[in-house]
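Each chain, letter by letter, is given below.
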Amino acid sequence: MVKDFSQSSTNQDDVMAVKNIESAYGLKRHWQGDPCLPWDFPWDGLQCSDSSDSPNIISLDLSYNNLTGTVPEFFADFPLLMVLNLTGNNLTGSVPQTVMERFKYRTLSLGENPNLCLSVSCEGEKKQKRKNKLLVPVLIAILTVTVILILITALAMIIRKFKRRKTKESATKCPKEGSLKPRNSEFSFSDVETITNNFSRPIGRGGFEHVYLGTLEDGTQVVVKRREAINVLNWKERLQIAVDAAHGLGYLHNGCKPPIVHRDMKSSNILLNETLQAKMLLP
């Protein structure tokens, strides 16, 4: 009689899973042939089910093998694996949820892995850390831009204030000969005759008065108006006076730096010389 000692090969899902582990961690073990066969000589660290059909790996011991890296999800690919021992390695990261669920009612040993997170919240903590790493540069950039804008605004305000002060200092400066200083003193008619040397120096005339040049006791030159009856101007003379006055206003607006607004334009402030050429008095 011949007895058949043939044995079925290990479950292919187990074979693929253990091959993936060997490749992922670069294990240097004498893992050759069938993981569970022959029965008396399974691969080192493995225990297999005693089944007449294809045997399954039921225990996997990878403790103290200097494993590094994360815990891969294919540890959950063993159909009947009851014991997984990863103690004493240098694993990092967090344990995948699929592995935790597979070994919920089985034995999973993960001790002595100082950098391995056993909490389900590890993934959320990682995301939060990544978020914080991104948030810090963004906050720094926003703060930097804000400071720059504040400095630019402050500089613009200082420059504007300086320009306004400079404009005030140069206000009413217009290129002209001499300047008139307003006086509030009152003079009698005899005083006026003395100032104008008995009205001997006429310099123009307005609509209803003659204008004379005078000199005060301190040497200040003044203009004196003397109301007199004159002939009515014809339309041509009136038009020419209006044109001369417009030229004067144009000079104040465009020729002076800064421009000057008269604000008291009236006939009494328009003087006429002997040829009826209009001259404008500043208020």
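Residue indices begin from 1 for each chain and proceed along its sequence in written order. Whole-chain, interface and lining totals are the exception, using all residues; otherwise, since this is a predicted model, local features are given only for residues with pLDDT of at least 70 and side-chain atom pairs are given and counted only at 80 or more. In computing side-chain properties, one takes all heavy atoms of the structure into account and sets aside hydrogens as well as water.

1. Concerning the overall build of the protein chain
Working step 1: A run of DSSP states H or I qualifies as a helix once it reaches four residues; a run of E qualifies as a strand once it reaches two. Both are numbered from the N-terminal end. When helices and strands are tallied, the protein chain shows five helices and 13 strands.
Working step 2: Within the protein chain, counting contacts between residues at least 6 apart in sequence, those at least 24 apart form 47% of the total. What makes two residues a contact is simply this: any of their non-hydrogen atoms within 4.5 Å.

2. Here we look at the state of the cysteines
Working step 1: Whenever a pair of cysteine sulfur atoms sits within 2.5 Å, that pair is classed as a disulfide. Enumeration according to the criterion identifies one disulfide in this entry.
Working step 2: Disulfide partner of C36: C48, at an S-S distance of 1.9 Å. Between C36 and C48, the S-S torsion sits near -80°, and that sign places the bridge as left-handed. Here C48 lies in strand β1 (residues 46-48) and C36 lies in the loop between α1 (12-25) and β1, a separation of 12 residues in the sequence.
Working step 3: Three exposure classes are used, based on accessible area relative to the maximum for each residue type with a 1.4 Å probe and protein chains only: buried under 20%, partly exposed in between, and exposed over 50%. According to the relative accessible area criterion, C36 is buried, its value standing at 1%.

3. Comments concerning the sheet that holds strand β7 (residues 107-109)
Working step 1: Only when DSSP finds a minimum of two bridges between them are two strands counted as paired. Taken together, the four strands give an open sheet; going across it, the order is β1-β2-β4-β7, and neighbouring strands pair in mixed fashion. The sheet terminates laterally at β1 and β7, the two strands that pair on one side only. Within the sheet, the average angular offset between the axes of one strand and its neighbour, ignoring direction, is 10°.
Working step 2: Inspection of the sheet shows strand β4 (residues 83-85) paired to β7 by three bridges, in the parallel sense. Across the sheet, L84 pairs through a bridge with L108, a residue of β7. Axis angles are defined between N-to-C directions and span 0 to 180 degrees, where every axis is a line fitted to C-alpha atoms and, for a helix, only to the segment in contact.

4. Some details on the nonpolar core
Across soluble globular proteins, nonpolar side chains show a tendency to be buried alongside one another.
Working step 1: Here, nonpolar core refers to any group of buried Ala, Val, Leu, Ile, Met, Phe, Trp, Tyr and Cys residues whose side-chain atoms link them within 4.5 Å. In terms of nonpolar packing, the biggest core is built from 27 residues, with I21, L60, L62, F75, F78 and L86 touching the most fellow members.
Working step 2: Mapped onto this core, the elements with two or more residues apiece are α1 and β2 (57-61).
Working step 3: Considering every element that reaches this core, the biggest residue donor is α1, with four residues.
Working step 4: Residues in contact with L60, not counting those within four places in the same chain, are I21, G45, L46, F75, F78, L81, V83, L84 and N85.

5. Focus on the pairing of strand β11 (residues 221-227)
Working step 1: Note that strand β10 (residues 209-215) and β11 share seven bridges and pair antiparallel. Across the sheet, residue T215 finds its bridge partner in β11, namely Q221.
Working step 2: Hairpin connection between β10 and β11: a loop of five residues separates the two successive antiparallel strands, and G219 in this loop has a positive phi of roughly 90°.

6. Looking at the packing of aromatic side chains
Aromatic ring pairs are reported here in terms of the distance separating the ring centres and the angle at which the planes meet.
Working step 1: The criterion for an aromatic pair is that two Phe, Tyr or Trp rings (for Trp, the six-membered ring) have centres within 6.5 Å, with stacked assigned to planes under 30 degrees apart, edge-to-face to planes over 60 apart and tilted to the rest. Evaluated as defined, the whole model comprises five aromatic pairs.
Working step 2: Taken together, a centroid distance of 6.2 Å and an interplanar angle of 40° make the contact between F74 and F75 tilted.
Working step 3: Note on F199 and Y212: the rings are 5.1 Å apart at their centroids and 65° apart in plane angle, and the pair reads as edge-to-face. Of this pair, F199 sits in the loop between α4 (189-195) and β9 (202-205) while Y212 is found in strand β10, placing the two residues 13 residues apart along the sequence. For the residue pair F199 and Y212, the accessibility class agrees, reading buried in each case.
Working step 4: In textbook terms, an aromatic cluster arises when at least three aromatic residues are bridged by ring pairs, as seen for Y25, F74 and F75.
Working step 5: Placement of a charge over a ring requires the Lys NZ or Arg CZ to be within 6 Å of the ring centre, with the centre-to-atom vector within 35 degrees of the ring normal. If you follow R226 out to its NZ or CZ, it ends over the ring of F199, 4.3 Å from the centre.
Working step 6: Stacked on the ring of W235, the Lys or Arg R238 has its end atom at 4.7 Å from the ring centre.

7. Considerations on the pattern of salt bridges
Working step 1: For this document, the term salt bridge refers to a Lys or Arg side-chain nitrogen within 4 Å of an Asp or Glu carboxyl oxygen. Tallied over the full model, the rule gives one salt bridge.
Working step 2: In this structure, K266 engages D264 in a salt bridge whose closest nitrogen and oxygen atoms are separated by 3.9 Å.
Working step 3: Under the relative-accessibility criterion, K266 is labelled partly exposed at 42%.
Working step 4: Since its relative accessible area comes to 29%, D264 is described here as partly exposed.

8. Remarks on the confidence of the model for the protein chain
Working step 1: Confidence scores per residue from the predictor, reported as pLDDT, run from 0 to 100. Looking at the protein chain as a whole, its pLDDT mean stands at 81, while 85% of the residues score no less than 70.
Working step 2: Across residues 1-5 the pLDDT falls below 50, and counting only partners more than four positions away or on other chains, this stretch makes zero contacts in the model.

9. Thoughts on a nonpolar patch on the surface
Working step 1: Patch definition: residues with relative accessible area over 30% and no salt bridge; like charges joined within 9 Å; nonpolar side chains (Val, Leu, Ile, Met, Phe, Trp, Tyr) joined within 5 Å. Accessibility throughout is a Shrake-Rupley quantity obtained with a 1.4 Å probe, and a residue counts as covered only by protein chains that appear here. Taken together, the side chains of L135, V138, L139 and I142 present a nonpolar region at the surface, about 350 Å² in accessible area.
Working step 2: Within the secondary structure, L135 sits in helix α3 (residues 122-170).

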